Amino acid sequence: MPDTAFDPFVSAALLTMARLGRTPRPLDLPAALRPQDAAQAYAVQDAVVRERGEIAGWKVGAASPQAQPARAALTHDSVWVATAGQPVRLSAAGFFVMGVEAELVYELGADLPARATPYSAAEVLAAVVSVCAAIEVCDTRYAAWAQQGEWSRLADQACHGALIVGSGTVDVASVQPLAQGVSLSVNGAVAVQHAAWGNPAGDPLRLLTWLANEGARSLGGLCAGQWVTTGSCTGTVLVAPGTVVVADFPGLGRAELQLG
């Protein structure tokens, strides 16, 4: 399909209407509105985000340490930061599907605007002021989970539903993600546990650097105060309403979500 035939704003409107419950959820975008590559998928994402409001964070991940990363911008209405170790409570009615993942999230303390000269990994890391445990709730605006092609899923905010930021550390230099253990518990039972890093993307600093240099460029770059969650360390676990989810990164932090 030539680029001139693809209108990302129409695709974005369809996904937004499905999100708001104003139209039935499609099984996939109609063929003429379906992105055929990453650039088209990001154009849809960006159109959705500009309608939804200020960017509070980003999700970024990759299938392997060598794979091209992918991202989604996250608006304020889907990012919750826990206070004083308290759980975050969300209504399950706000989600079509609830797939939970344990992730590490990085807080930015300085702007990293788009620029001609690429940022080094050291520059990106110097902009980070904390690293915290997080839970991402994965969701979909489609009528079925994971039945679409990769570009349709990427266009749909990369299956993002909510980000819950828990406790962590401001001693960023002490964090060794590739040696970090993790567990994801559901209603008090451990669902997934890894003694060391379980994220298939490898070193999250590679993801952060890609996001600063390429992934966030179309939306103006990264800003102080934003959170960047760096992909699942546990895979996705589907849960039901009434579930309590805990992501624990021993020695670093934990996040707790109660889905009512």
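Computed from a predicted model, the values in this text were never measured in an experiment.

Enquirer: Describe the packing of aromatic side chains, naming the residues involved and giving the relevant values.
Expert: What characterises a pair of aromatic rings is the spacing of the ring centres plus the angle enclosed by the ring planes. Counted under the stated rule, the structure contains 0 aromatic pairs. Seen from the ring of Tyr119, Arg115 lies directly overhead, with NZ or CZ sitting 3.8 Å from the centre.

Enquirer: Run through helix H2 (residues 38–52), naming residues and quoting values.
Expert: With 15 residues, H2 extends 21 Å between its outermost C-alpha atoms, agreeing within 8% with the 21 Å of an ideal straight helix rising 1.5 Å per residue. Where H2 is concerned, the buried positions are Gln40, Ala41, Tyr42, Val44, Gln45, Asp46, Ala47, Val48 and Val49. Close packing links the buried residues of H2 with helix H1 (8–19), strand S1 (55–61), strand S2 (70–75), helix H4 (150–155) and helix H5 (204–215). Backbone nitrogen of Ala39 and a side-chain oxygen of the N-cap are separated by 3.3 Å at the start of H2; the cap is Asp37.

Enquirer: Please provide a residue-by-residue account of H5, values included.
Expert: Helix length check: H5, at 12 residues, gives a terminal C-alpha distance of 14 Å against a target of 16 Å (1.5 Å per residue), a shortfall beyond 12%. By the criterion of burial, H5 is predominantly enclosed, with 10 of the 12 residues buried. When we look at burial in H5, the residues that qualify are Pro204, Leu205, Leu207, Leu208, Thr209, Trp210, Leu211, Ala212, Asn213 and Gly215. Two or three places before Leu205, at the opening of H5, Asp203 has a side-chain oxygen 3.0 Å from that residue's backbone nitrogen.

Enquirer: Which residues make up the sheet that holds strand S15 (residues 253–259), and what are the values?
Expert: On the basis of which strands lie adjacent, the open sheet formed by 5 strands has the order S4-S15-S14-S9-S10 and mixed pairing. Only two strands of the sheet have a single neighbouring strand rather than two, namely strand S4 (88–90) and strand S10 (189–194). In this sheet, neighbouring strand axes are inclined to one another by 15° on average, regardless of whether the strands run parallel or antiparallel. With 5 bridges connecting them, strand S9 (residues 182–186) and S10 associate as antiparallel partners. Paired with Ser185 across the strands is Val190, a residue of S10.

Enquirer: Please provide a residue-by-residue account of the pattern of salt bridges, values included.
Expert: Counted by the stated rule, this structure contains 7 salt bridges. With a shortest N-O distance of 3.0 Å, Lys59 and Glu136 are connected by a salt bridge. A residue pair is termed long-range when its members are at least 10 positions apart, and Lys59 in strand S1 and Glu136 in strand S7 (residues 128–138) qualify at 77 residues. Lys59 sits in the buried class, given a relative accessible area of 13%. What makes Glu136 buried here is its relative accessible area of 1%.

Enquirer: Before we move on, can you summarise the pairing of strand S12 (residues 227–232) with the specific residues and values?
Expert: Extensive coverage of S12 is indicated by the burial of 6 of its 6 residues. With 3 bridges connecting them, S1 and S12 associate as parallel partners. Across the sheet, residue Gly57 finds its bridge partner in S12, namely Trp227. Where strand S5 (residues 99–108) lies against S12, 4 bridges are found, and the strand directions are antiparallel. Note on S12: the bridge partner recorded for Glu107 is Trp227.

Enquirer: Help me get a handle on the side chain of Thr169, residues and values and all.
Expert: Note that Thr169 resides in strand S8 (residues 160–169). Looking at Thr169, its side chain comes within polar contact range of the main-chain nitrogen of Asp171, at 2.9 Å. When sequence neighbours within four positions are dropped, the list of residues in contact with Thr169 reads Val129, Ser130, Val131, Val175 and Leu252.

Enquirer: Describe empty space enclosed by the protein, with residues and values.
Expert: Empty pockets left among the atoms are what a rolling probe the size of a water molecule brings to light. For the coordinates displayed, the defined rule picks out 1 cavity of 30 Å³ or more. By volume, the largest cavity amounts to about 50 Å³. Around the largest cavity sit Leu15, Arg19, Gln45, Val48, Ala155, Asp156 and Gln157, which together line it. Of all the secondary-structure elements, those providing two or more residues to the lining of the largest cavity are H1 and H2.

Definitions and limits used
Residues numbered from 1 in each chain as written. Predicted model: local features only at pLDDT ≥ 70, side-chain atom pairs only at ≥ 80, totals over all residues. Heavy atoms only, no water. Phe/Tyr/Trp six-rings, centres within 6.5 Å; stacked < 30°, edge-to-face > 60°. Lys NZ or Arg CZ within 6 Å of the ring centre and 35° of its normal. Helix = DSSP H or I, 4+ residues; strand = E, 2+ residues; numbered from the N terminus. Expected span 1.5 Å × (residues − 1). Buried < 20%, exposed > 50% of the residue type's maximum accessible area, 1.4 Å probe, protein only. Contact = heavy atoms within 4.5 Å. Polar contact = N/O pair within 3.5 Å; in protein donor to acceptor, adjacent residues only side chain to side chain. Pairing = 2+ DSSP bridges. Axes fitted to C-alpha atoms, helices over the stretch in contact; angles between N-to-C directions. Salt bridge = Lys/Arg side-chain N within 4 Å of Asp/Glu carboxyl O. 1 Å grid on protein atoms, 1.4 Å probe; cavity = no way out; pocket = protein on both sides within 12 Å on 5 of 7 lines; lining within 4 Å. Points joined across faces, edges and corners; volume = space filled by probe spheres on them.

In short, shape yes, function no, at least from these values alone.
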